[in-house]
Amino acid sequence: AQEDQAEESIELSPTPLIKQAASAHEIAKALAHPNSVLGALNFNFDYITYKGDLPGASDQSATRVTFQPVLPYPISDTINFYLRPAVPLVISQDVPTAGGFDNKGVELGDIGFDAAVGKSLPGGYVVVGGIVGTLPAATDDALGLDQWLLGPEVALGKVSGWGVLGLLVSHQWDVAGEDSFSTSITGGQYFYTVNLSDGWQISSSPTFSYNHEAQSGQEWTFPLGVGVSKTTILDGQPWKFGLQYWNYIEQPDPFGPDWQVRFTVTRVVSLPW
């Protein structure tokens, strides 16, 4: 019990750790904590392949880079406020058209965000609640919805000596913008981390969705994910590098993702507050 309390103290007080030249192992655990106050700049590099019933679907792919900073603000010893925008840059994206497929890029995609409050509970449990939204920022109509989306999100996590296990679920409705169709999507992310040693971790955080407006049997997009990450200190600054593989076991039959590789670079930063 004393060891668990010490680990939680480390993970919820990361800024002093950076100042005290914390080990890569300690910072890796702090980054994995769902209610950590570590500021981080995440760069996700994704390569996605597709499949489906449409002719040529299995020949299509996408390459994207998403910048997602994590900006926490501590309210108390156990409560933190989070703001996490996600800005996607589409390097290359094959999209279905009436005549087959068209390749798009380099373009900006719709910008997502969430604003939430996290609370650490006894026993290593963490609960997070807030709002999630999407801004119609895509520079090509084929790469966005041209709608403003908004809705709630909630997450539950369990932190222990071996690692972290958790689930985040959100729902978004269209609240403004293009009104020729309705959007109602339940999204989510399950995440797990197994702590090894020297900053190494087995970890993955695949995202899934359920489109309530899709035809029956075509609602789910769901991957299974596995990955590995390494946190290290370079020139006195903490960095984290991760590689994940997602295999989609459910997707719309006409056209949907087959498998995905994500390479993540995270720069840990000190925040002014």
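Chains are numbered independently. Their residues run from 1 in the order of the written sequence. Predicted model: local features are reported for residues with pLDDT of at least 70 only, side-chain atom pairs are reported and counted for 80 or more only, and whole-chain, interface and lining totals are derived from all residues. Water and hydrogen atoms were dropped before computing side-chain values, which therefore reflect all heavy atoms in the structure.

Caption draft 1: How the structure looks around a nonpolar patch on the surface. Only residues whose relative accessible area exceeds 30% and that form no salt bridge are eligible for patches; like-charged ones are grouped when within 9 Å, while nonpolar side chains (Val, Leu, Ile, Met, Phe, Trp, Tyr) are grouped when within 5 Å. To be clear on the numbers: accessible area is Shrake-Rupley with a 1.4 Å probe, and residue cover counts the displayed protein chains and nothing else. Put simply, a salt bridge is a Lys or Arg side-chain nitrogen that is within 4 Å of an Asp or Glu carboxyl oxygen. On the surface, a cluster of nonpolar side chains totalling about 730 Å² of accessible area is made up of Phe43, Phe45, Phe67, Leu196, Trp200, Ile202, Val228, Leu243 and Phe263. Segments assigned H or I by DSSP are reported as helices when at least four residues long, segments assigned E as strands when at least two residues long, and all are numbered from the N terminus. Within the residue set of the nonpolar patch, elements represented by two or more residues are β1 (39-51) and β11 (200-204).

Caption draft 2: Region of interest: the packing of aromatic side chains. Between rings of Phe, Tyr and Trp, where Trp is taken as its six-membered ring, a pair exists when centres lie within 6.5 Å; planes separated by under 30 degrees are stacked, by over 60 edge-to-face, and by other angles tilted. Per the counting criterion, the structure on display carries 13 aromatic pairs. Geometrically, the ring pair formed by tyrosine 50 and phenylalanine 255 is stacked, given 4.7 Å between the ring centres and 15° between the ring planes. With a gap of 205 residues between them, tyrosine 50 in strand β1 and phenylalanine 255 in the loop between β14 (237-250) and β15 (256-269) connect regions that are remote in the sequence. With a relative accessible area of 16%, phenylalanine 255 lands in the buried category. Each residue in the set Tyr190, Phe208, Tyr210, Trp220 and Phe222 is aromatic and connected to the rest through ring pairs, giving one cluster. Three exposure classes are used, based on accessible area relative to the maximum for each residue type with a 1.4 Å probe and protein chains only: buried under 20%, partly exposed in between, and exposed over 50%.

Caption draft 3: Layout of unusual backbone geometry. Of note, the amide linkage connecting glycine 105 to valine 106 takes the cis form, showing an omega dihedral of -5°. Following the sequence through the fold, valine 106 ends up in the loop between β4 (100-104) and β5 (107-108). The phi dihedral of aspartate 198 is positive, around 55°, even though this residue is not glycine. Relative to the helices and strands, aspartate 198 resides in the loop between β10 (184-195) and β11. Despite not being glycine, aspartate 235 has its phi angle at roughly 55°, a positive value. Relative to the helices and strands, aspartate 235 resides in the loop between β13 (220-234) and β14.

Caption draft 4: Up close: the side chain of threonine 266. Following the sequence through the fold, threonine 266 ends up in strand β15. Here a polar contact is recorded for every N or O atom pair within 3.5 Å, except that within protein the pair must consist of a potential hydrogen donor and a potential acceptor, and residues adjacent in sequence are included only if both atoms are side-chain atoms. A distance of 2.6 Å separates polar atoms of two side chains, one belonging to threonine 266 and the other to asparagine 42. By definition, residues are in contact when any of their heavy atoms lie within 4.5 Å. In this structure threonine 266 touches Ala40, Leu41, Asn42, Pro238, Trp239 and Lys240, once residues within four positions along its chain are discounted.

Caption draft 5: Geometry of the pairing of strand β8 (residues 147-159). Here, a strand pair is defined by DSSP locating no fewer than two bridges between the strands. Where strand β7 (residues 125-135) meets β8, ten bridges bridge the pair, whose relative direction is antiparallel. Its bridge partner being in β8, glycine 129 is matched across the sheet by valine 154. Note that β8 and strand β9 (residues 163-177) share eleven bridges and pair antiparallel. Residue alanine 155 lies in a different strand from β9, and its bridge partner there is leucine 168. Where β8 folds back on β9, the antiparallel hairpin that results is connected by three residues.

Remember that the coordinates give geometry; whether it matters functionally is a separate question.
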